Amino acid sequence: MASVIHILERYEPGSGLKKALAMSRQDVIRAVRESGIRGRGGAGFPTAVKWNLCAAAQFPKKFIVCNADEGEPGTFKDRLLLSERPGVLFDGITIGGYAIGAKLGVIYLRAEYTYMRAGLESKLAERRQQGLLGKNILGSGFDFDIEIRMGAGAYVCGEETALIESLEGSRGEPRNRPPYPVNTGLVGAPTAVNNVETLIACAHILAKGPEWFRRFGTDVSTGTKLLSVSGDCQRPGVYEVPWGISVAEILHIVDGEGAKAVQVGGASGRTVPARQFDRKLGFEDLATGGSVVVIGPQRDMLDVAENFLEFFVEESCGQCTPCREGNPKLLEGVHLLKQGRCSIGYLRELQNLGRTMQVASKCGLGQSSANAFLDITEHFRAEILGRTGGQGEKNE
Amino acid sequence: MSDTNKPAPTRAVTSEPPTTEKPQVVAAGKPTDIGGQVAVKIDDIELKVPFGMTILEAAKSVGIRIPTLCYHEDLCLAGVCRICVVEVSKQRTLQTACTFPITEPITVTTTSPRVRQARRHVLDLLLSKHYGECYSCFRNNNCELQALAKEYGVDFYRFGHPKEPRHEIDRSSYAVVRDMNKCVLCRRCVRTCIDLQSVGVLTAAHRSDQTKIETFMDRQLADVICINCGQCINRCPCGALRANDPSDEIWAAIDDPAKHVVVQTAPSPRAAIGEAFGLPPGTSVTQEMNTALRRCGFDRVFDTNTTADLTIIEEGTELLTRLYRALVKGEKGILPQLTSCSPGWVKFCEHFYPDYLPLLSTCKSPQQMFGALIKTYYAQKQGIDPSSIVSVSLMPCSAKKFEANRPEMQSSGFKDVDYGLTTREMAQMVKEAGIDLPHMPKSHFDLPFGDASGAGLIFGATGGVMEAAIRSVVELVTGLKAEEVFKDANVEPVRGFDGIKYMEIPIPQLGPVPALYANLVRKGKLAPDWEWLKGAVLKVAVAHGTANARKVMDDIRAGGKFAECHFIEFMACPGGCLGGGGQPIPTSPSIRAARAKAIYAEDMGLPLRKSHENPHVLRLYDEFLTDGPCGEQSHKFLHTHYTPRGDYLV
Amino acid sequence: MLASERESLRREIAELAEKYEHKRDGMMPILEAIQEKYRYISDFAMQEVARQLGVFPAEVYGVVSFYSYLSTEPKGRFVIRLCRNLSCEFAGKQAVARQLENELGICFGETTRDRLFTLEYCNCLGMCDHGPALLVNDDVYTEVSPELVSDILEHYRRTFGPTYAQKGGSHG
């Protein structure tokens, strides 16, 4: 049984950065590659591959962007990291900038975290005074600085190309990919967009070596993950766990046993019913940005589906047809189910629509917004059908 | 202090399409691949394509058709409708063929169960919001949404269909009507207005299912800086955008025995109206059209090319007087002279470059010149009461509807042109009357205006006004025949679809000043000889599409190459009038090229090819405009003034 | 808007644009600054921003209408944003929502007549382990109960004044 490990407690300030600046850029990327770390924001893209593509690109300017637009419902680990570990984060951003050859790092901070901004800015000012930012950092010859830009209340701007659009002063509408940001990103320059936790983990990896990181987790999902646990449990909060931990084990840690279901990965994640609590978190099965919401036995799964779909209906950017029009249709379907007015035939149509949305939407939001609906209508059929809320008419 | 008195802004508008929606430029890749060929397999065809070519283009090159909706040849990429999704090897999700660049060997499958279901779902979802029935829509049988629905076998509304409209229809503008209940949010109109035309009236506003194409603060179109070019209408795939159609009123006039209804027809409709009857683009049906119009009930059918010839004489003369004022009298701020026959361009200039209005030629457009003459010269000559004349113009243009309603366009004492009718609307009227236009017997235009020269005809293509002017000015100044200076009198350098064309014309020799200018010489507006043009090199330019107009005007403002020009032709619409906002839909580079070819071919076959040789126009100067070009009567009926509007909305 | 206010707004926007070299990527910081100061971005402001950044006014409008934190209509001096996502729902946000509507006399999406409070829902504030959570401008309140609602509102009503500084950390 895994216990909680407080890795992120022990970091010698600046250690990762000093080590990185003493290595070549290629060696920094090699260290990250050997650690096997994958993006911690939810998408799980191998960080070393991203940094390598960016480093290899030939372009006069490059950028590293820290995605602090933590918007996934149920995720609050970045909030904790930003308020409690900014120094490690800045180390991580600087390391990343060094690895890819960027001179500027941008922190895209969501508008809801404006109360953190002043604190972060003053810490950045301190670092500039200490020679940890600016020209010739720690005498290495590497020039780098970090700027904070605010979001303006759009969950879709957590998607990396929508984030870049927002930084460029446009609507936060995701771009066509390929080309990817590592190739053509902010103002056309190669850009690496990384999650807060990823950058902090990279600082640790450089400080303590990739083998240390590989001690935890599995072969495919190396290292630990910060989970934000909330919902119907006694001990909600941020937990650091090794990848490969099962849902049941998590419930035990947070005292949420007896749950009916667990939502892993936020509104865009998977709904795990009780009988599948032996499933393990990791890129092999339940990948997640860290959001774990415990759903107690008293909860109505249609309310859960409704909550998530209302979220997506509001936050969809509106560009592509499947997401813009599909989410409201799914939400309407949930309302019909609640009223007992949804025929099995129409339910099947909506499930097909959900599957189309998963493959035909332009970005990750649309591709995952149907997940919860599909999971709930599959795993909780008895609960969602046959309600007597309405007149019992079939839907055409 | 009025804001409109403020000097125009100096900052150039730099709105560009998002980086990944320009033609694909991949910043990094294996150096050996860039410019090289990549192998790709599409369905069962193997081929090699240039690095970065999209799947859609690659498929087209081997004759594989992939359906699209938001994609348009003229516009930057969008990738929002998701109709063109295909299976691509190594990709978990479906990819849009119109945007996916081929940068490594891949296998593409253009149909699969997932693809078929996805396309059908997209259509079902669009139809769940699309309010309106096909039979009552002006795009019935010419609608991309309808065509796709048929292709994908939509036989029931899987996700419902709206029973009520959500939005008010915006009919405020004379030219463009917006019905957002039919909008499929393909963003073509936004890309047209911002990127292609650089006018920037339309934008996507709000988010998610509240997304709507709106103007600034959702104001009515008449209250924002719309230049009425109608390019958005041409590119809309369905019936959300249309022109403001007056045909009901025209039928009423035709049916009223007390009204004398005349129609003037511009050059461009002739080469395009056939498309509405199933003929291939570029089939000229001028003389069949004349008969069809008479059978509709028009009392007279006139040729706008006649007043195009008149415009050339007036504007060419104006150019010579301006050159005289600038080169001999040293007057500043009057060159280059800018053409003024495109009402979309005129409004563009009034909004964005109001301080340069003095450069606009004071000549009206051929349509408006004709309007003034019909209710004066023609009415007098024929003994018709001008108040009973209803003057209709058949134009490729949506902005002409606005132009006809400009308050200053009343020099005849009445509204000079009552209705501007587009090619599409006229085709509709002809069909309603049960007339099979392509099989009509041929007939000429009516007197007293008759048939015009080829120079008037080529007005329809970009560079046409310039070429017509050059043919005449060269002959009037040098005494040579235009054929001696340009082969077949064709001025090739100003032809074609390059956005901005530039040409220098050295004046080879000087001839006598024509008798036509006697009055101007007497009044001192021209010298009795052309000596002051000895050794002169005439510098001219041609721009089409207002994005190119903006570039030229910004260059003039910065004192660049175009500030040194003497004469510049501007057309608001890409391709010139043949690509106008009233032309048959759809539009594409190849369709416009076909129309241009037809126009130039017809010009070559005409007996008269220069404006100043048109006998009907010369008779006009004898009988009516007795002061000659740019004389008193001309100024009264054929010249106009402009309104500095500025681009302050607030 | 007074003509003099227009002039000063024009100058402010010109200064802001200067800071970002009149490039489009200054759009968001400039709009956020205007929203912060004036509580909305007026037609005039949007047009001036367009002018200074070399884009069309319609494009600026498209950007403003996209983001929840930017508005073309004036918001109240204090914008209350109540999280409505799952964990806060489980923790009892419904009761808090009802109480807010009761106390303020408006529905969600509206602004009080004295333009003091705007009431809105928002999506996950990142306080899921201490729900229900809400923001009042940049101040965070967690574990809000219906009883606490009136205390919170009173705090802002009482300290309404020109020198009130709106900075603060977590309360609750």
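Named according to an unreviewed UniProt entry, chain C is NADH-quinone oxidoreductase subunit NuoE originating from candidate division WOR-3 bacterium. If you open the UniProt record of chain C and go to Sequence similarities (unreviewed entry), you find "Belongs to the complex I 24 kDa subunit family."

Identification of chain A as Dehydrogenase from candidate division WOR-3 bacterium is taken from an unreviewed UniProt entry. UniProt, in its Sequence similarities (unreviewed entry) section for chain A, records the words "Belongs to the complex I 51 kDa subunit family."

What follows concerns the overall build of chain C. Tallying secondary structure elements over chain C gives seven helices and five strands in all. Each helix and strand of chain C, placed in order from N terminus to C terminus, yields the pattern α-α-α-α-β-α-α-β-β-β-α-β. With respect to the principal axes defined by its C-alpha atoms, chain C has extents near 50 × 30 × 25 Å. Taken across its 172 residues, chain C has 58% of its residues classed as buried. Summing over all exposed atoms, chain C offers an accessible surface of approximately 7100 Å²; the carbon and sulfur share of this is 49%. Of the charged side chains in chain C, 20 are positive and 26 negative, and the gap between their average positions amounts to 4 Å.

Frequently, the measure chosen for interface size is the accessible area removed from exposure when the parts meet. Counting from both sides, the interface comprises 44 residues of chain B and, opposite them, 46 residues of chain A. Buried area between chain B and chain A, summed over both chains or domains, comes out near 3600 Å², and the portion from carbon and sulfur atoms is 50%. Of the charged contacts, one joins Lys129 of chain B and Glu325 of chain A as a salt bridge, the two residues approaching to 2.6 Å between their closest N and O atoms. Counting across the chain B and chain A interface gives 23 residue pairs in polar contact (both at pLDDT 80 or more). Of all the secondary-structure elements, those providing two or more residues to the side of chain B that touches chain A are helix H2 (113-127) and strand S7 (203-205) of chain B. Looking at the side of chain B that touches chain A, the element that brings in the most residues is H2 of chain B, giving seven residues. Across the side of chain B that touches chain A, the residue classes break down as 21 nonpolar, 14 polar and nine charged.

Residue and element names in this part refer to chain A. On domain assignment, one finds that chain A holds domain 1 (15-214), domain 2 (224-295) and domain 3 (301-391). Here the C-alpha centre of domain 3 lies 34 Å away from the C-alpha centre of domain 1. Facing the 13 residues of domain 1 at the interface are eight residues of domain 3. Three residues stand out in domain 1 for area buried against domain 3, namely Tyr155, Val156 and Pro174, and they jointly supply 48% of the buried area on that side. In this structure, the connection of domain 1 to domain 3 is made through four residue pairs in polar contact (both at pLDDT 80 or more). Grouping the amino acids of the side of domain 1 that touches domain 3 by side-chain chemistry returns five nonpolar, three polar and five charged.

Counting from both sides, the interface comprises 47 residues of chain A and, opposite them, 33 residues of chain C. Taking both partners together, chain A and chain C bury about 3200 Å²; carbon and sulfur atoms supply 56% of that area. Applying the counting criterion to the chain A and chain C interface returns two salt bridges. The residue Arg84 of chain C makes a salt bridge to Glu314 of chain A at a minimum N-O spacing of 2.3 Å. Going through the elements one at a time, strand S3 (145-150), helix H7 (160-167), strand S5 (224-231), strand S9 (291-295) and helix H11 (301-315) of chain A are the ones with two or more residues in the side of chain A that touches chain C. The dominant element in the side of chain A that touches chain C, judged by the number of residues it contributes, is H11 of chain A, at six residues.

Moving on, we come to the nonpolar core. Counting 216 residues, the largest nonpolar core has Trp51 and Ile93 of chain A together with Trp345 of chain B as its most contacted members. Residue contacts for Ile93 of chain A: discarding those within four places in its chain leaves Ile64, Cys66, Gly105, Ile107, Phe144, Ile146 and Leu199 of chain A. Ranked by size, the runner-up nonpolar core spans 39 residues in total, among them Phe459, Ile470, Leu520 and Leu526 of chain B.

Time to look at the pairing of strand S1 (residues 63-68) of chain A. Residues and elements named next belong to chain A. Among the six residues in S1, six count as buried, and that is most of the element. Examined bridge by bridge, S1 and strand S2 (residues 104-109) share six bridges and lie parallel to one another. By the bridge assignment, Ala68 is partnered in S2 with Leu109. Relative to strand S4 (residues 191-195), S1 runs parallel, the two being bridged by five bridges. Bridging from a neighbouring strand, Ile64 pairs with Ala192 of S4.

This part covers the packing of helix H13 (residues 344-360) of chain A against helix H15 (residues 371-379) of chain A. Working note: a packed helix pair is described by the angle between its axes plus the distance between those axes. Residues and elements named next belong to chain A. Where H13 contacts H15, the two axes come as close as 9 Å, and the packing angle between them is 145°. The element H13 and its partner H15 pack so that their crossing is left-handed. Listed contacts from H15 to Leu347, Leu350, Gln351, Gly354, Arg355 and Gln358 of H13 are Asn371, Phe373, Leu374, Thr377 and Glu378. Here the residues of the contact of H13 with H15 sort into four nonpolar, five polar and two charged.

So, about the packing of aromatic side chains. In total, this model carries 33 aromatic pairs over all chains according to the counting rule given. Arranged with centres 4.9 Å apart and planes meeting at 80°, the rings of Phe302 of chain B and Phe449 of chain B form a pair that is edge-to-face. Of the two residues, Phe302 of chain B sits in strand S11 (residues 300-303) while Phe449 of chain B sits in the loop between helix H13 (423-432) and helix H14 (454-457), which places them 147 residues apart along the sequence. Overall, the relative accessible area of 3% leaves Phe449 of chain B in the buried class. On the basis of an interplanar angle of 45° and a centroid distance of 6.2 Å, the ring pair of Phe348 of chain B and Tyr353 of chain B is categorised as tilted. Side by side, Phe348 of chain B and Tyr353 of chain B carry an identical accessibility label, which is buried. Members of the aromatic cluster, connected to one another through ring pairs, are Phe302, Phe370, Tyr377, Tyr378, Phe449, Phe624 and Phe637 of chain B. The residue whose ring lies beneath Arg207 of chain B is Phe66 of chain C, and the NZ or CZ to ring-centre distance is 5.7 Å.

The sites that UniProt annotates as "binding site: [2Fe-2S] cluster" (unreviewed entry) are Cys83, Cys88, Cys124 and Cys128 of chain C. For the residues just named, distributed over 46 residues, the greatest C-alpha separation is only 9.2 Å, placing them together at one site. Relative to the helices and strands, Cys83 of chain C is located in strand S1 (residues 78-83). Residue Cys83 of chain C is classed as buried on the basis of its relative accessible area of 2%. Sequence-distant contacts of Cys83 of chain C, that is, excluding residues within four places in its chain, are made with Cys88, Lys93, Cys122, Asn123, Cys124, Leu125 and Ala133 of chain C. Along the chain, Cys128 of chain C turns up in the loop between strand S2 (117-122) and strand S3 (134-136). The buried category is assigned to Cys128 of chain C, whose relative accessible area is 7%. Dropping the residues within four chain positions of it, Cys128 of chain C is found in contact with Gly74, Thr75, Phe76 and Ser230 of chain A together with Ser87 of chain C.

Quick look at the sheet that holds strand S12 (residues 337-338) of chain B now. Residue and element names in this part refer to chain B. Strand order in this open sheet of four strands is S12-S17-S16-S15, and the pairing throughout is mixed. Only two strands of the sheet have a single partner each, and these edge strands are S12 and strand S15 (500-506). Sheet analysis places strand S16 (residues 537-544) next to strand S17 (residues 567-571), joined by five bridges and oriented parallel. Its bridge partner lying in S17, Ala541 is registered against Ile568. Of the strands in this sheet, S12, S15, S16 and S17 touch helix H18 (residues 546-557), which is tilted by about 150° from S17.

The rules behind these values
- Residues numbered from 1 in each chain as written.
- Chains lettered and ligands numbered in written order.
- Predicted model: local features only at pLDDT ≥ 70, side-chain atom pairs only at ≥ 80, totals over all residues.
- Heavy atoms only, no water.
- UniProt positions renumbered as here; feature names shortened; annotations may be inferred.
- Helix = DSSP H or I, 4+ residues; strand = E, 2+ residues; numbered from the N terminus.
- Buried < 20%, exposed > 50% of the residue type's maximum accessible area, 1.4 Å probe, protein only.
- Areas by Shrake-Rupley, 256 points an atom, 1.4 Å probe, with all protein chains shown as cover.
- Lys, Arg positive; Asp, Glu negative; His and termini not counted.
- Charge placed at Lys NZ, Arg CZ, Asp CG, Glu CD.
- Contact = heavy atoms within 4.5 Å.
- Buried area = accessible area lost by both parts, 1.4 Å probe.
- Salt bridge = Lys/Arg side-chain N within 4 Å of Asp/Glu carboxyl O.
- Polar contact = N/O pair within 3.5 Å; in protein donor to acceptor, adjacent residues only side chain to side chain.
- Nonpolar A, V, L, I, M, F, W, Y, C, P; charged D, E, K, R; others polar.
- Domains from an automatic or database assignment.
- Core = buried A, V, L, I, M, F, W, Y, C linked by side-chain atoms within 4.5 Å.
- Pairing = 2+ DSSP bridges.
- Axes fitted to C-alpha atoms, helices over the stretch in contact; angles between N-to-C directions.
- Left-handed = near helix turned anticlockwise from the far one by under 90°.
- Phe/Tyr/Trp six-rings, centres within 6.5 Å; stacked < 30°, edge-to-face > 60°.
- Lys NZ or Arg CZ within 6 Å of the ring centre and 35° of its normal.

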